[in-house]
Amino acid sequence: GRGTPMDIRNRVVAILAEQALLDPADLREEMTLADLGIDSLGVVETLFAIEEAFDVSVPFNANEPLKGDFDISSVGAIAAAVERLVAEKQGR
């Protein structure tokens, strides 16, 4: 079945929460990965988990994380970026 944006958002939040060892209910859209206590290694692990969960390829360069097309500036931004990747994949 196709994931609705809400399903995608909830799964992204669940993945982030797991990585941060937090309850998904405690995550807010505007929180940054730093707010969640996710370090650079955690970011890489999180993005791998997202790739596996959604069967997408995240355009992320660990050496220049801010230069990629994938916005990891906040929980909401990550969710939106994953939604876009999933939509692009389904559109092919």
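Our structure is the block above this text.
(A) Representation of the nonpolar core within the structure. Counting 26 residues, the largest nonpolar core has Leu16, Phe54, Phe70, Ile78 and Val82 as its most contacted members. Setting aside residues up to four positions removed in sequence, valine 82 forms contacts with Ile8, Val12, Ile50, Phe54 and Phe70.

(B) The arrangement of helix α1 (residues 5–20) in detail. Across its 16 residues, α1 extends 22 Å between first and last C-alpha, which sits within 8% of the 22 Å expected from 1.5 Å per residue. Those residues of α1 that sit buried are Ile8, Arg9, Val12, Val13, Ile15, Leu16, Ala17 and Ala20. Where the residues of α1 are buried, they touch α2 (33–36), α3 (40–54) and α4 (75–91). Of the residues trailing α1, leucine 21 is marked for its positive phi of about 60°.

(C) Representation of unusual backbone geometry. Despite not being glycine, leucine 21 shows a phi value in the positive range, around 60°. The topology assignment puts leucine 21 in the loop between α1 and α2. Residue classification places leucine 21 among the exposed positions, given a relative accessible area of 76%. At aspartate 55, a residue that is not glycine, the phi angle is positive and equals roughly 55°. Structurally, aspartate 55 can be placed in the loop between α3 and α4.

(D) Main features of the side chain of arginine 9. By the element assignment, arginine 9 lies in helix α1. Beyond its immediate chain neighbours, meaning those up to four positions away, arginine 9 contacts Glu29, Gly76, Ala79, Ala80 and Glu83.

Rules behind the numbers
Residues numbered from 1 in each chain as written. Predicted model: local features only at pLDDT ≥ 70, side-chain atom pairs only at ≥ 80, totals over all residues. Heavy atoms only, no water. Core = buried A, V, L, I, M, F, W, Y, C linked by side-chain atoms within 4.5 Å. Buried < 20%, exposed > 50% of the residue type's maximum accessible area, 1.4 Å probe, protein only. Contact = heavy atoms within 4.5 Å. Helix = DSSP H or I, 4+ residues; strand = E, 2+ residues; numbered from the N terminus. Expected span 1.5 Å × (residues − 1).

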